[in-house]
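For reference, the chains in residue letters:
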Amino acid sequence: RHTDEVYQCLKLVTRPGCERVIHYAFEYARKHNRKKVTCMTKDNIMKMTDGIFHQVFNELAAEYPDIVHDHYIIDIGAARLATQPEIFDVIVTTNLYGDILSDIAAQVAGSVGLAGSANIGNHVAMFEAIHGSAPDIAGKKLANPSGLLNGAIQMLVHINQPEVAAA
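All chains use their own residue numbering, which begins from 1 and follows the written sequence. This being a predicted model, a pLDDT of at least 70 is required before a residue's local features are given, and a value of 80 or more before pairs of side-chain atoms are given or counted; all residues contribute to the totals for chains, interfaces and linings. Excluding hydrogens and water, the side-chain figures rest on all heavy atoms present in the structure.

1. Quick word on the packing of helix 3 (residues 74–83) against helix 4 (residues 95–109)
To get an axis, a line is fitted to the C-alpha atoms, and for a helix only the part in contact is used. The angle between two axes follows their N-to-C directions and goes from 0 to 180 degrees. Comment: elements are numbered from the N terminus, with helices defined as DSSP H or I runs of at least four residues and strands as E runs of at least two. Contact pair helix 3 / helix 4: the axes reach a minimum separation of 9 Å and the direction vectors enclose 20°. Taken together, the axes of helix 3 and helix 4 are roughly parallel relative to one another. When you trace helix 3 past helix 4, the crossing you get is right-handed. On helix 4, the residues touching Ile74, Ala78, Leu81 and Ala82 of helix 3 are Tyr97, Leu101, Ile104, Ala105 and Val108. Amino acids are sorted into nonpolar (Ala, Val, Leu, Ile, Met, Phe, Trp, Tyr, Cys and Pro), charged (Asp, Glu, Lys and Arg) and polar (every other residue, Gly among them). In terms of residue class, the contact of helix 3 with helix 4 is made up of 9 nonpolar, no polar and no charged. For classification purposes, angles smaller than 35 degrees are called roughly parallel, those larger than 145 roughly antiparallel, those between 65 and 115 roughly perpendicular, and all remaining angles oblique. Handedness of each helix crossing follows the sense of rotation of the near helix against the far helix: counterclockwise by less than a right angle gives left-handed, clockwise gives right-handed. Throughout, a contact is declared for two residues whenever any of their heavy atoms are within 4.5 Å.

Structure follows, in structure tokens:
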């Protein structure tokens, strides 16, 4: 906070962090027989932070010649995801954009209440419903457990229990 009327937000992007998440996206695509990985950034404006993410994406994509790769500026990428979700397979981006895109994708698929969410690190992983809590409907018998169940399915796949996940 600079003054009562001026605030600033800092965006930190590291090369090792970019490498980790982008490698994960390509390895996920390979493991799950996906054909394409799409990177989304705003590097036309955020030239340094989003620029390094896009640069690392291009560098690492060369290590995966069997997987098609492309890039969208986040604005048009989000619009295309909302209107043509079938053109995407795996999307890799930074956390903020991913949070927004996951809600768009879930809504396109039916509802944010239906999607599960995974936060996967090098040593731990956490799975949950994408939408968070809904205190406004507590006690009204309106809650839909599908998002939590889909998060649990993602967890079972992650811990190499695909048969249990399918059941």
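Having seen the structure, we can now continue with the description.
2. Structural notes on helix 4
Each α-helix winds once per 3.6 residues, and so residues spaced three or four apart point in a common direction. Residue count minus one, scaled by 1.5 Å, sets the expected span of a helix. Its 15 residues place the ends of helix 4 21 Å apart at the C-alpha level, agreeing with the 21 Å of an ideal helix rising 1.5 Å per residue. Where helix 4 is concerned, the buried positions are Tyr97, Leu101 and Ala106. Buried residues of helix 4 fall within an arc of 160° about the axis and therefore sit on the same side. Residues of helix 4 that are exposed and point over 90 degrees away from its buried face: Asn95 and Leu96. Its buried side turned inward, helix 4 meets strand 1 (36–41), helix 2 (49–61), helix 3 and strand 3 (90–92). Directly after helix 4, the chain includes Gly110, whose backbone phi takes a positive value near 145°. Only protein chains enter the accessibility calculation, which uses a 1.4 Å probe; a residue is then buried when its area is under 20% of its type maximum, exposed when over 50%, and partly exposed in between. Here, the arc refers to the directions that run from the helix axis to the C-beta atoms.

3. Some thoughts on the nonpolar core
Think of a nonpolar core as a cluster: buried Ala, Val, Leu, Ile, Met, Phe, Trp, Tyr and Cys residues, connected wherever their side-chain atoms sit within 4.5 Å. Core analysis: the largest hydrophobic core is formed by 17 residues, its most contacted members being Ile22, Phe26, Val37, Phe57 and Val92. The set of elements that each furnish at least two residues to this core consists of helix 1 (15–31), strand 1, helix 2 and strand 3. Considering every element that reaches this core, the biggest residue donor is helix 2, with 6 residues. Beyond its immediate stretch of four places on either side in the chain, Phe26 contacts Val37, Phe57, Ala61, Tyr64, Ile67 and His69. Membership of the second largest hydrophobic core comes to 8 residues, among which are Ile74, Leu81, Tyr97 and Leu101.

4. Examining the side chain of Lys36
Structurally, Lys36 can be placed in strand 1. Apart from residues no more than four positions distant in its own chain, Lys36 is found in contact with Ile67, Val68, Asp70, Ile87, Asp89 and Val90.

5. Some details on the pattern of salt bridges
For salt bridges, the criterion is a side-chain nitrogen of Lys or Arg within 4 Å of an Asp or Glu carboxyl oxygen. Evaluation of the coordinates by the stated rule reveals 8 salt bridges. Here Asp50 makes a salt bridge to Lys11, at a shortest N to O gap of 2.5 Å. Taken together, the residues Asp50 in helix 2 and Lys11 in the segment before helix 1 connect sequence positions 39 residues apart. In this structure, the salt-bridge partner of Arg15 is Glu59, at a minimum N-O distance of 3.0 Å. Placement of Arg15 in helix 1 and of Glu59 in helix 2 is noted, with a sequence separation of 44 residues between them. Here Arg15 falls in the partly exposed class, since its relative accessible area comes to 31%. Using a relative accessible area of 36% as the deciding quantity, one classes Glu59 as partly exposed. The network of salt bridges with common partners includes Arg15, Glu19 and Glu59.

6. Things to note about the sheet that holds strand 2 (residues 68–73)
Within the open sheet, the 3 strands sit side by side as 2-1-3. Their pairing is parallel. Each edge of the open sheet is held by one strand with a lone partner, namely strand 2 and strand 3. Across the sheet, the axes of successive neighbouring strands diverge by a mean angle of 25°, strand direction being ignored. As defined by bridge partners, strand 1 adjoins strand 2 across 6 bridges and the pair is classed as parallel. When the bridges of strand 2 are listed, Thr41 appears paired with Ile73. Relative to the sheet, helix 3 contacts strand 1, strand 2 and strand 3, its axis offset from that of strand 2 by approximately 110°. At least two DSSP bridges between two strands are needed for those strands to be called paired.

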